[in-house]
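Listed here are the chains, written in short residue letters.
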Amino acid sequence: MSLTIVRPDLEVALDSLAESIEEVLTADLGQLSAAEELALVGRLEQLRRRLDAGTDRAADHLDRSAAFSHDGHRSAKAALKAIGRLPGSEALGRVRTARALRVLPLVEAAYRAGDIPVAHARLIGTVAANPRMAQHLPGADPIFRDAATTLGYDDFAAAIREWERLADADGADQSADETHERRKASLHRSQINGSYSLDGSFGAAQGSVIEEIWDRYERAELLADWAAARALHGTETRHEHLDRTPAQRRADALYAIFVRAASTPADAHTPAPLVNIVIDQRCFDEQLRRAAGEEVSVDPNDDLPSRRCHSLNGTPLHPGDVLAAALVGHVRRVVVDAAGTVIDLGRKRRLFTGSARDAALLQALLRTPGGLRCLWPGCDARGGNLQIDHREPVRRDGPTDVSNSDAYCGFHNRTKEHGFRPERRADGTWVIHRPHGGGPITPSV
C-alpha cells in the first residue's frame, strides 16, 4: 500500500529512499569480500538507526500535534500500533523514546547521527518514563550519550539501571523487597509419564547465589564430558562429540547439587564464599550509613561509571542485600575504588589470593559493568565456564599472573591461538587484531 503525502519535498525524499533501499535489497552480495560484507552490515546498521530516529521523530510530532485523532485514535501509541500493525510494546517504546529525547538533546543528536543503537534508545525511553526520574534527566544527558555511544547493550543496560537505582532509591528498595517476597518454587510430577518439572522465581540476591553455584556444578559436568570425549577422539575432539547437550548438563548439575546437599550433615558449616559480589566503596559506605539510620542523598549523575553493585554474572543487586550478605558472611565482598582497583576482598581474602583462576575472573569482571563474559566482541558466553588464558602466550615468556590474563569462552580461546591478538587501548577499551597484520576485526558502530 502506498501512502501519498501532500508536501512534494517529502514525497521526493521518500521516493528516493525507497529506490535506494531497493538497490541494497537487490545488490549481489556474493561479490563482496569478507571484510566488505562485515563493513556493509555495520553501515546498514548505522543507516537503520537514523531511519528509526526519523520514525521516532514522526512519533514525537504525532504525539504533540494530536493528529492521531484525525482517524479516531485515542493516542499516538494507538495510531502507530494501527498504522504499522505493531505490537503495543513497540508502539509505546517509540512514543516513550520520543518523549525522552525532548529533554536529552545530546542523546537525540547522537541517535539521529546513527551513533546510538535503537535498543539503547528504547531503554532510555523506558527509564525516562518513570516520573520520579524527571528532575535528574537533564543532567544525565551527557552521561547517557557517552554510555550509549560506547557500550554494548548488556553493559549499557547495567549502567542505566544503576543510574535508575541511584535516582530512585525508594523505588529500588521497594522493588527488591517485592521480588524477594514473591519468591516461590515448585516441583510437579506428571501423571502421564512420571516425569518431573521444576519451576521457581527468586529475588536478585538469592538468585545470584543460586546462579553461581549452579554454574560451578555445570562446569564440572562440562569438564567430565570433555574428558570422556577426549578419551575417544583425542586431540580431534569437538563440541559435537560431547555426550550431553547444555540443557542436559544443566539438569544433571542441578541433580548433583541436591545429591550433595542430601549427603551433607545437617550441622555442617556452609563453605564460603558462595558468590562474589562486586560493589564500589562509596556505594557500600552509603548503605552502611543508611543502615545506621542516616538520611543519604545521592546524585545519580555524579561519576556513574565508577558505580558498581552486581554479582559475578552482572545481575544488579540492591546494596541493602549486599550489606546483609557481607555481615552474614555467605559471600565474598569485592570492593573496588573509582579506578576499578580491588581494595577490599572481605573476610575470605586468602581464598582469593590462593586461587589464580578466581583472581583472573574477578579482574576480567572489572572490565565492564554488565557482568563477567568472554572478551571477544559480540560473544554471549558468560560466567564460570569461561577459560582463563595468557594474553601474552607462555611460549613468548608471558607470565602467569592476573595482569597477563584474559577470560574467553572455549571457542574464542581456541580461535585466539590462530593469530588473533587482543589489545587494551589507553581508554580502557579492547580491540582484537586479525592475524598477520590484518588490522582490527570489524569495529562496533
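Keep in mind the model is a prediction, meaning the values are calculated, not measured.

Visitor: Please clarify how the overall build of the protein chain should be interpreted in this entry.
Guide: Looking only at helices and strands, one finds 16 helices and 10 strands in the protein chain. The 445 residues of the protein chain split such that 38% are buried. Only carbon and sulfur atoms are counted for the fraction: they give 54% of the accessible area of the protein chain, which is about 25,900 Å².

Visitor: Would you take a moment to explain helix H7 (residues 137-150) for this structure?
Guide: Owing to its 3.6 residues per turn, the α-helix brings residues three or four apart onto one side. The end-to-end C-alpha distance of H7 is 19 Å, a good match for the 20 Å that 14 residues give at a rise of 1.5 Å each. Ile143 marks the point of greatest bend in H7, at about 30°. Taken together, the buried positions of H7 are occupied by Leu137, Ala140, Asp141, Ile143, Phe144, Ala147 and Ala148. Elements in contact with the buried residues of H7: helix H5 (105-112), helix H6 (118-128) and helix H8 (153-167).

Visitor: What should I look at first to understand a nonpolar patch on the surface in this one?
Guide: Residues Leu14, Leu17, Ile21, Leu25 and Leu51 make up a contiguous nonpolar surface patch of about 440 Å² in total accessible area. Examining the composition of the nonpolar patch, we find that 4 residues originate from one element, helix H1 (residues 8-26), more than from any other. Tracing the backbone through its elements, the reader meets Leu25 in helix H1. Among the residues examined, Leu25 registers a relative accessible area of 64% and is labelled exposed.

Visitor: Sorry, what's going on with the pattern of salt bridges here?
Guide: Inspection of every chain in the model, using the stated rule, returns 27 salt bridges. Across the salt bridge formed by Arg48 and Asp52, the nearest N and O atoms sit 3.9 Å from each other. Residue Arg48 and its partner Asp52 are both found in helix H2 (residues 34-65); the two are separated by 4 residues, about one turn of the helix. Assessed through its relative accessible area of 11%, Asp52 is described here as buried.

Visitor: Sorry if this is basic, but what is going on with the confidence of the model for the protein chain here?
Guide: Fine structural detail should not be taken from predicted coordinates in areas where pLDDT scores are low. Here the protein chain averages 83 in pLDDT, while 82% of its residues score no lower than 70. The weakest mean pLDDT in the protein chain belongs to helix H14 (residues 349-353) at 30; the strongest belongs to H5 at 97. For residues 347-355, every residue scores under 50 in pLDDT, and the model assigns this stretch 18 contacts once sequence neighbours within four places are set aside.

Visitor: Just checking my understanding: could you explain the side chain of Glu218 for this structure?
Guide: Relative to the helices and strands, Glu218 resides in helix H10 (residues 204-233). Looking at Glu218, its side chain comes within polar contact range of the side chain of Arg250, at 2.5 Å.

Visitor: Can you walk me through the environment of His180 in this structure?
Guide: Looking at the element boundaries, His180 is found in helix H9 (residues 169-181). On the basis of relative accessibility, which here comes to 30%, the residue His180 falls in the partly exposed class. Placed 22 residues apart in sequence, His180 and Phe202 show a C-alpha to C-alpha distance of 6.1 Å. Excluding anything up to four places from it in sequence, His180 contacts Gly203 and Gln206.

Visitor: Looking at this structure, how should I read a negative patch on the surface?
Guide: Together, Asp15, Glu19, Glu22 and Glu23 line one region of the surface with negative charge. Judged by its relative accessible area of 44%, Glu22 is partly exposed.

Visitor: Help me understand the nonpolar core, please; the structure alone is not making it clear to me.
Guide: Soluble globular proteins tend to bury their nonpolar side chains together. Formed by 30 residues in total, the largest nonpolar core has its most connected members in Val107, Tyr111, Ile124, Phe144, Phe156, Ile160 and Trp163. Elements that contribute at least two residues to this core include exactly helix H4 (88-101), H5, H6, H7 and H8. Not counting chain neighbours up to four residues away, the residues in contact with Tyr111 comprise Arg49, Arg50, Asp52, Ala53, Asp56, Thr97, Leu101, Ile116, Val118, Ala121 and Arg122. In this structure, Val278, Leu386, Cys409 and Trp430 belong to the second largest nonpolar core, which totals 17 residues.

What counts as what
- Residues numbered from 1 in each chain as written.
- Predicted model: local features only at pLDDT ≥ 70, side-chain atom pairs only at ≥ 80, totals over all residues.
- Heavy atoms only, no water.
- Helix = DSSP H or I, 4+ residues; strand = E, 2+ residues; numbered from the N terminus.
- Buried < 20%, exposed > 50% of the residue type's maximum accessible area, 1.4 Å probe, protein only.
- Areas by Shrake-Rupley, 256 points an atom, 1.4 Å probe, with all protein chains shown as cover.
- Expected span 1.5 Å × (residues − 1).
- Bend = angle between axes of the 7 residues up to and from the residue.
- Contact = heavy atoms within 4.5 Å.
- Patch = residues over 30% accessible without salt bridge, like charges linked within 9 Å, V, L, I, M, F, W, Y side chains within 5 Å.
- Salt bridge = Lys/Arg side-chain N within 4 Å of Asp/Glu carboxyl O.
- pLDDT = per-residue confidence, 0-100.
- Polar contact = N/O pair within 3.5 Å; in protein donor to acceptor, adjacent residues only side chain to side chain.
- Lys, Arg positive; Asp, Glu negative; His and termini not counted.
- Charge placed at Lys NZ, Arg CZ, Asp CG, Glu CD.
- Core = buried A, V, L, I, M, F, W, Y, C linked by side-chain atoms within 4.5 Å.

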